[in-house]
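Listed below, chain by chain, are the residues.
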Amino acid sequence: MKLKGLGAGLISVWLSGFLLIALSFYGTLLLSPSLHNPSFSSDSSTAPRITIFTSLHISSSSSFDSQAIHSWLALSSQVKVVLFTQHNNNSSFTDTFGSRLLLDSTVDFTFLGTPFLHSMLARTEAYASDIAVLIDPHTLLLPDFISALNHAHHELDRDWLLVSSSVNIPRFPFHWDQTGRFWRQYNGKRVRFGELQKMISLRSLQSNSSEGGNMIMAWNNVDSPLHCGVLPPFLYQRGTHNQWIVNEALSCKRRFVFDATSTISSVSIGNAEKKFDSRNWEYIGNSHLGKLYGSLSKSYALPKLLKCNKRYILVTASDGFRTREKISACISRSKSRSFLKLDPVKKDQALPPLKFPYDLESLLPLVADKNRTVVLSVAGFSYKDMLMSWVCRARRLAVPNFLVCALDEETYQFAILQGLPVFFDPYAPKNISFNDCHFGSKCFQRVTKVKSRTVLKILKMGYNVLLSDVDVYWFRNPLPLLHSFGPSVLVAQSDEYNTTVPINRPRRLNSGFYFARSDEPTIAAMEKVVKHAATSGLSEQPSFYDTLCGEGGVHRVGNDRCVEPETNLTVHFLDRDLFPNGAYRDIWLKEDVRGECEKNHCYVLHNNWISGRLKKLERQMMKGLWDYDASMRMCV
């Protein structure tokens, strides 16, 4: 009898132990991440520094913009916000939010003010932060956003990329109180966090929209790229780029990518995309870039970050948790918040053509400055990189009133995707040589005549024109000085290199840099130049001098002027110390070309008097007068 009792006791102990082991194992499965996910660490001693990046037109900021920024700064004292903007001198805006809000105007924008995403992401590396966040400026965040970031920061032992989709609502029925700590109804009643979550979950069920248009992206190790390869020049908030980055990050496998939509409460107020219906070409451009580059045609199922019994858990499609009652219930509750949906773009999918809705006539009022002046440059595809370096330099000098005339369809399409105010000249010569269109060539002679013809057209529309070739490097903005010469004066660079002779010698007027006003004498004189060039077997440059200064310089006045007798237009040759040509004083041979020009207070330096496109490019790059990274497609 004692032996039977002892045996029963041993069996009872054994069964109890087995049950405890089973429960422990089940609890481990319940509360641990999948074995397919990264391993975890337990160091949670410090709060991460978080920098939230977005772009905003400050001049048009509305109340809900302020609400969104308030919601970000209220999350934690470790949060700071960087707004990418074209104008960083709005002190009243920054004073509203204090020192944790910074304005940054160093990224690239299109001429219409749309920022480039690749430039924004490159700039995020300049800020010391543990976690970087990219977010739509109209998206409000609630405190569980910080909880999810803290979990990823302290628990994941490898680089990661968190993505989450926001719920769209037309209007947020709450506002911040004066303390900036609580949301309140408009009757003054305080709104609890749980009430906000319920509203977001209900709206999510009603809209069933988590397509990623208003996606939040957050990542650690901000010095490490999000993906392999180079990011195309996507326009920010114009579609495609969110899906593209997620797919590329997954393909690259440098980061663990997961969807935290069900654990993050965020609201996108209004539908910002409706504001840009008239600019659908920007969305089409992004679609074309997404189709051309990367692996956007692939489809992936992202691991999901869930919260069960107040604990975070990562779930993948292969985990098989549906068979477990508690996990199934957790997933069921999470379905009240939709997961992120990423629809791939098929490589063979037909896309609408990229059509730019602007021509020369419609561009002029958009880009001209208050003096009705534009800076015109003309370029073909072989000079596209030099064009972009010239554009980047104009942007650096805060000269936004430039305009580009494309000589071929390739340059036209390239310039559109680079956000330039570009128009196509249908009468431009065809079959322009890629490497053999330098000074003196037949190609050069045909191309240069496009410039004077286009300048005359713009003058007749009532706008002043500064014509600048793309091989003219700008050190300072010359427009204020050029305007000071007054009406009925055409101001041009001298191509004379000999320091002991007059700068207005025969055929020393450089037609690659001149300023023409929209007045009767200038227009009449330019008509004569264009007519002369049309019948000449040379380039337009001799036509300028022979028409305005007379053959052999018979209309020269002094050492630096000419007066065209029929129109009474004065031609003023610019001081070569301030506007040196490529052969003057051998400046290009100096070891420090920039230092030499800055010492002489140069406005520009022409990269001419050198034969061949490749030699010209090499000289400008080797001397450090280059402002464009062709591999990254952005200004440097």
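If you're wondering where the values come from, they're calculated on a predicted model, not measured in any experiment.

**Considerations on the overall build of the protein**
- Counting its regular elements, the protein contains 18 helices and 27 strands.
- At a minimum sequence separation of 6, the contacts of the protein that also span at least 24 residues come to 76%.
- Approximately 28900 Å² of the protein is accessible, and the part contributed by carbon and sulfur atoms is 53%.

**A closer look at the pairing of strand 21 (residues 509–516)**
- Within strand 21, eight of the eight residues are buried, which leaves the element mostly enclosed by the surrounding structure.
- Across four bridges, strand 18 (residues 464–468) lies against strand 21 in antiparallel orientation. The partner of L466 across the bridge, within strand 21, is F515.
- Bridging between strand 20 (residues 489–494) and strand 21 involves four bridges; their strand directions are antiparallel. Bridging from a neighbouring strand, V491 pairs with F515 of strand 21.

**Digging into the state of the cysteines**
- Inspection of the entire model under this criterion finds three disulfides.
- Between C228 and C252 runs a disulfide, and the two sulfur atoms are separated by 2.0 Å. Between C228 and C252, the S-S dihedral sits near 65°, and the bridge is therefore right-handed. With C228 in the loop between strand 10 (215–220) and helix 7 (241–252) and C252 in helix 7, this residue pair connects regions lying 24 residues apart in the sequence.
- Residue class for C252 comes out buried when judged on its relative accessible area of 16%.
- Note that C392 is cross-linked by a disulfide to C635, the S-S spacing being 2.0 Å. Because the torsion about its S-S bond is -80°, the bridge between C392 and C635 counts as left-handed. Placement of the pair is C392 in helix 11 (residues 384–396) and C635 in strand 27 (residues 634–635), with a sequence separation of 243 residues. Of the two residues, C392 and C635, neither departs from the other in class, the shared state being buried.

**Section: the packing of aromatic side chains**
- Under the definition given, this model contains 21 aromatic pairs.
- Each ring, one from F111 and one from Y358, has its centre 5.9 Å from the other, and the planes form 80°; the classification is edge-to-face. Residue F111 is located in the loop between strand 3 (101–104) and helix 4 (117–124), and its partner Y358 is located in the loop between helix 9 (325–334) and helix 10 (360–367); the two are separated by 247 residues in the primary sequence.
- With relative accessibility at 19%, the residue Y358 sits in the buried group.
- Between Y514 and F544 the ring centres are 4.9 Å apart and the planes differ by 55°, which places this aromatic pair in the tilted class. Placement of Y514 in strand 21 and of F544 in helix 16 (residues 540–548) is noted, with a sequence separation of 30 residues between them.
- Taking relative accessible area as the criterion, F544 reaches 0% and is therefore assigned buried.
- Here the aromatic residues F111, W281, F356, Y358, Y412 and F424 are joined through ring pairs into a cluster of three or more.
- Here R372 stacks its cationic end above the ring of Y463, 4.1 Å away from the centre of that ring.

**Concerning the environment of V563**
- Among the secondary structure elements, V563 is positioned in strand 23 (residues 561–564).
- A residue is classified by how much of its surface remains accessible, and V563, at 26% relative accessible area, is partly exposed.
- For the pair formed by V563 and C549, sequence separation is 14 residues and the distance between their alpha carbons is 6.5 Å.
- Every residue in contact with V563, bar those within four places of it in the chain, is listed here: L548, H555, V557, N568, L569 and T570.

**Details of the packing of helix 15 (residues 520–534) against helix 16**
- Following both chains from N to C, one finds helix 15 and helix 16 inclined at 130°, their axes separated by 9 Å at the closest point. With respect to their mutual orientation, helix 15 and helix 16 come out oblique. Along this stretch, helix 15 crosses helix 16, giving a crossing that reads as right-handed. Seen from helix 15, the contacting residues are A525, M526, K528, V529, H532 and A533; seen from helix 16, they are E540, S543, F544, D546, T547 and L548.
- Its residues assigned to classes, the contact of helix 15 with helix 16 shows six nonpolar, three polar and three charged.

**Quick look at the sheet that holds strand 12 (residues 266–269)**
- In space, the three strands of this open sheet follow the order 5-12-7, with mixed pairing throughout. Lying at the two open borders of the sheet, with one neighbouring strand each, are strand 5 (139–141) and strand 7 (167–169). Each strand axis lies, on average, 30° off the axis of its neighbour in the sheet, ignoring direction.
- Relative to strand 12, strand 7 runs parallel, the two sharing three bridges.

**Brief notes about the pattern of salt bridges**
- Applying the stated criterion to the full structure yields 17 salt bridges.
- Here D104 and R123 are joined by a salt bridge, their closest N and O atoms 2.7 Å apart. With D104 in strand 3 and R123 in helix 4, the pair connects residues that are 19 residues apart, well separated along the chain.
- Connected through salt bridges with shared partners, the residues R238, R279 and E282 form a single ionic network.

**Observations concerning the sheet that holds strand 22 (residues 556–557)**
- Strand order in the open sheet formed by nine strands is 17-16-15-18-21-20-24-23-22, with mixed pairing between adjacent strands. Either end of the sheet is taken by a strand with one partner, and the two such strands are strand 17 (422–424) and strand 22.
- As paired elements, strand 23 and strand 24 (residues 569–573) share four bridges and run antiparallel to each other. Across the sheet, C562 pairs through a bridge with V571, a residue of strand 24.
- Helix-sheet contacts for helix 11 involve strand 15 (373–379), strand 16 (402–406) and strand 18, and the interaxial angle to strand 16 is about 170°.
- Each of strand 20, strand 21, strand 23 and strand 24 is contacted by helix 15, which is oriented at about 80° to strand 24, the strand it contacts most.

**What to know about helix 10**
- Listing the buried residues of helix 10 in full gives L360, L363, L364 and V367. Looking straight down helix 10, one finds that the buried residues subtend no more than 110° of arc, so they occupy a single side. Those residues of helix 10 that are exposed and angled more than 90 degrees off the buried face are E361 and P365.

**Focus on the environment of V529**
- For V529, the location among the structural elements is in helix 15.
- Distance from V529 to L456, taken between C-alpha atoms, is 9.5 Å for residues 73 residues apart in sequence.
- Beyond its immediate stretch of four places on either side in the chain, V529 contacts S543, F544, T547 and L548.

Thresholds, definitions, all that
Residues numbered from 1 in each chain as written. Predicted model: local features only at pLDDT ≥ 70, side-chain atom pairs only at ≥ 80, totals over all residues. Heavy atoms only, no water. Helix = DSSP H or I, 4+ residues; strand = E, 2+ residues; numbered from the N terminus. Contact = heavy atoms within 4.5 Å. Areas by Shrake-Rupley, 256 points an atom, 1.4 Å probe, with all protein chains shown as cover. Buried < 20%, exposed > 50% of the residue type's maximum accessible area, 1.4 Å probe, protein only. Pairing = 2+ DSSP bridges. Disulfide = S-S within 2.5 Å. Phe/Tyr/Trp six-rings, centres within 6.5 Å; stacked < 30°, edge-to-face > 60°. Lys NZ or Arg CZ within 6 Å of the ring centre and 35° of its normal. Axes fitted to C-alpha atoms, helices over the stretch in contact; angles between N-to-C directions. Parallel < 35°, antiparallel > 145°, perpendicular 65-115°, else oblique. Left-handed = near helix turned anticlockwise from the far one by under 90°. Nonpolar A, V, L, I, M, F, W, Y, C, P; charged D, E, K, R; others polar. Salt bridge = Lys/Arg side-chain N within 4 Å of Asp/Glu carboxyl O. Arc of directions from axis to C-beta.

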